[in-house]
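Working through the structure, step by step
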Amino acid sequence: MRLTRYFLPVLKENPAEAHIVSHRLMLRAGLVQQQTAGIYAWLPLGFRVLKKIEAIVRDEQERAGSIEVLMPTIQSADLWKRSGRYQEYGKEMLRIQDRHERDLLYGPTNEEMITSIFSSAARSYRDLPRNLFHIQWKFRDEVRPRFGVMRGREFLMKDGYSFDVDVESARRSYRRMFVSYLRTFERMGLRAIPMAAQAGPIGGDLSHEFSILAETGESQIYCHRDLMEMSMPGNDIDYDSDLEPVVEQWTKPYARADDEHDPAVFEAEVAPNDRLEARGIEVGHVFFFGSKYSEPLEATVSTPDGHSVPLQSGSYGIGVSRLVGAIIEAYHDDAGIIWPESVAPFQVGLANLGPDKPECVECCESLYTQLNNAGIETLFDDTAENPGVKLSRMELIGLPWQLRIGPRSLKKGVGEIQARRTGENTEVPLDNLVERIRALLGESSP
RNA sequence: CGGGACAUGGCGCAGCCUGGUAGCGCACCUGCUUUGGGAGCAGGGGGUCGCAGGUUCAAAUCCUGCUGUCCCGACCA
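About the criteria used
- Residues numbered from 1 in each chain as written.
- Chains lettered and ligands numbered in written order.
- Predicted model: local features only at pLDDT ≥ 70, side-chain atom pairs only at ≥ 80, totals over all residues.
- Heavy atoms only, no water.
- Pairing = 2+ DSSP bridges.
- Helix = DSSP H or I, 4+ residues; strand = E, 2+ residues; numbered from the N terminus.
- Axes fitted to C-alpha atoms, helices over the stretch in contact; angles between N-to-C directions.
- Core = buried A, V, L, I, M, F, W, Y, C linked by side-chain atoms within 4.5 Å.
- Buried < 20%, exposed > 50% of the residue type's maximum accessible area, 1.4 Å probe, protein only.
- Contact = heavy atoms within 4.5 Å.
- Expected span 1.5 Å × (residues − 1).
- Parallel < 35°, antiparallel > 145°, perpendicular 65-115°, else oblique.
- Left-handed = near helix turned anticlockwise from the far one by under 90°.
- 1 Å grid on protein atoms, 1.4 Å probe; cavity = no way out; pocket = protein on both sides within 12 Å on 5 of 7 lines; lining within 4 Å.
- Points joined across faces, edges and corners; volume = space filled by probe spheres on them.
- Nonpolar A, V, L, I, M, F, W, Y, C, P; charged D, E, K, R; others polar.

1. A closer look at the sheet that holds strand 6 (residues 103-106)
On the basis of which strands lie adjacent, the open sheet formed by three strands has the order 4-6-5 and antiparallel pairing. Of all strands in the sheet, those with a lone pairing partner are strand 4 (74-76) and strand 5 (94-97), marking the two edges. The sheet shows a mean angle of 35 degrees between the axes of neighbouring strands, direction not considered. Here strand 5 pairs with strand 6 via four bridges, running antiparallel. Counted as the bridge partner of Arg95 is Leu105 from strand 6.

In structure tokens:
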């Protein structure tokens, strides 16, 4: 993409309303634009990041055996009246009426709808287990939206739902999602720690919040330091195998957010040097809720012995739009964002530092073509602006690799590759540039 | 939902207390010069001060109401 044809409205100064680093950088780097409190328009660069995150989430969901669907944003109130949540859910639910004065709502979540959809077709234990997910915009009329997309009212969420014939089988579904969440966040360069959360209807251990550590986190978390070093399930993980050892490993060390925190247990279980207290951002939540919705909605299947039992379900959420902010909280410096490669809007930024020099233009045009042909996502700064403007803007938007071409380097027959993360600058002969970039991509993770 | 602030060109702000019809920096436009860390000179365009009402000869400035936004706390992916 040529910058002269792109839409990248960067801000030189910090917008007054943004108080945390990710919000500031998202506005400054032209990722989003606020439309009203807690509601954002995604500009081209931000939208690309959102899509990258979405793709990783989708990929890991499918790998774990979950199947994608798409449910509407607007729901009829009927289902919610049957489950009782139409009354229970507070003012956070946006209630609307259509022209026939029928009660509708903008979905804050989809347990009722998915239960209805699934149970309308699933009759038998043979149809189980299944896990369906969708990635869709939600609306929750938060009392106090803040921190940009980290607590918006409208937000993009992956919500998945598992259906099983009994609790033991549901546990297996839960573990699959648990493991897939560890992998999902890791692929974005995040270490998300599963925290024991408020127990579900059957009690026990089937609810976890996945949080990443960040100064601007909204909750206080307490955990064992080991969780920061523990190795993640690899690419070869078999979701049909017994995942209990993995879950066991990750849930054994103490890890709780402030609402579940018990200082006495913390101090008894964790040695002083191993205690980690920090702020956390919740990026995912897995939860088993049994027959909470299947019973009122009469979603049942027949068992092998011919009885009829309500579906056993869990729900699994990932805050996709929130992750954009969370990743920036984890990866930035004074100059701007530092995108992990896996979610970067472009892999490479190509900057022509001598836009008035024909040899620079020619060289950049050639490189741009080569990079495109190599399938490398490149943002080409072909503007006539000063080098300083280009370099600082490139740092602000945080592309992992910057390719700099100017009269100075050209004289030596080289181009410069600067790593955004380390600031390391390498001179590479012009002929080898594209090859080198290709080698660098994916070599260092994240 | 409790508490507290703010609202002035695209952005950041001053002016308001002590009413007299709007100013600065950045951005933008034109020209020339510049080009390896957010350039220089010259010229130029753009706001009626969130909205409504009131006081006054006169309101960005004082008063009332409304709306919007932000911050702190309690709740949430």
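Past the structure itself, the notes keep going.
2. Digging into the nonpolar core
In terms of nonpolar packing, the biggest core is built from 84 residues, with Leu31, Ile53, Phe185, Met188, Val324 and Trp339 touching the most fellow members. The element contributing the most residues to this core is helix 6 (residues 167-187), with eight residues. Ignoring anything within four residues of it in the chain, the contact list for Met188 reads Ile53, Ile56, Val57, Leu323, Ile327, Tyr331, Pro340, Ser342 and Val343.

3. Concerning helix 6
Helix length check: helix 6 (21 residues) gives 30 Å between terminal C-alpha atoms against 30 Å at 1.5 Å per residue, within 8%. Two residues or fewer past helix 6, Gly189 is found with a positive phi of approximately 85 degrees.

4. Side note on the packing of helix 10 (residues 358-373) against helix 13 (residues 433-440)
Helix 13 packs onto helix 10 with a crossing angle of 40 degrees between their chain directions and a minimal axis gap of 10 Å. For the element pair helix 10 / helix 13, the angle class is oblique. Helix 13 is crossed by helix 10, and the crossing has right-handed handedness. Of helix 13, the residues touching helix 10 (which contributes Leu367, Gln370 and Leu371) are Leu433, Val434 and Ile437.

5. Thoughts on the packing of helix 2 (residues 44-63) against helix 9 (residues 320-330)
The interhelical angle for the contact between helix 2 and helix 9, taken along N-to-C directions, is 115 degrees, at an axis separation of 9 Å. In terms of axis orientation, helix 2 runs roughly perpendicular to helix 9. The crossing of helix 2 and helix 9 is right-handed. Where helix 2 abuts helix 9, its residues Val49, Leu50, Ile53, Glu54 and Val57 lie against Val320, Ser321, Leu323, Val324 and Ile327.

6. Describing empty space enclosed by the protein
What the rule picks out here adds up to three cavities of 30 Å³ or more. There is about 60 Å³ of room inside the largest cavity. Lining the largest cavity are Gly38, Tyr40, Trp42, Trp137, Val149, Gly152, Glu154, Phe155 and Ser321. For the lining of the largest cavity, the elements supplying multiple residues, two or more each, are strand 2 (39-42) and strand 8 (154-164). Considering only residue class, the lining of the largest cavity consists of five nonpolar, three polar and one charged.

7. Examining the layout of surface pockets
One number sums up the size of the largest pocket: a volume of about 1,300 Å³. As for the largest pocket, its lining consists of 47 residues, and the residues nearest its centre are Arg140, Met157, Glu209, Glu282 and His285. Counting residues per element, the ones that place at least two in the lining of the largest pocket are helix 4 (85-88), strand 8, strand 10 (207-213), strand 13 (275-290), strand 16 (312-319) and helix 9. Top element by residues in the lining of the largest pocket is strand 13. It accounts for eight residues. When its residues are assigned to classes, the lining of the largest pocket shows 19 nonpolar, 13 polar and 15 charged. Space inside the second largest pocket adds up to approximately 420 Å³.

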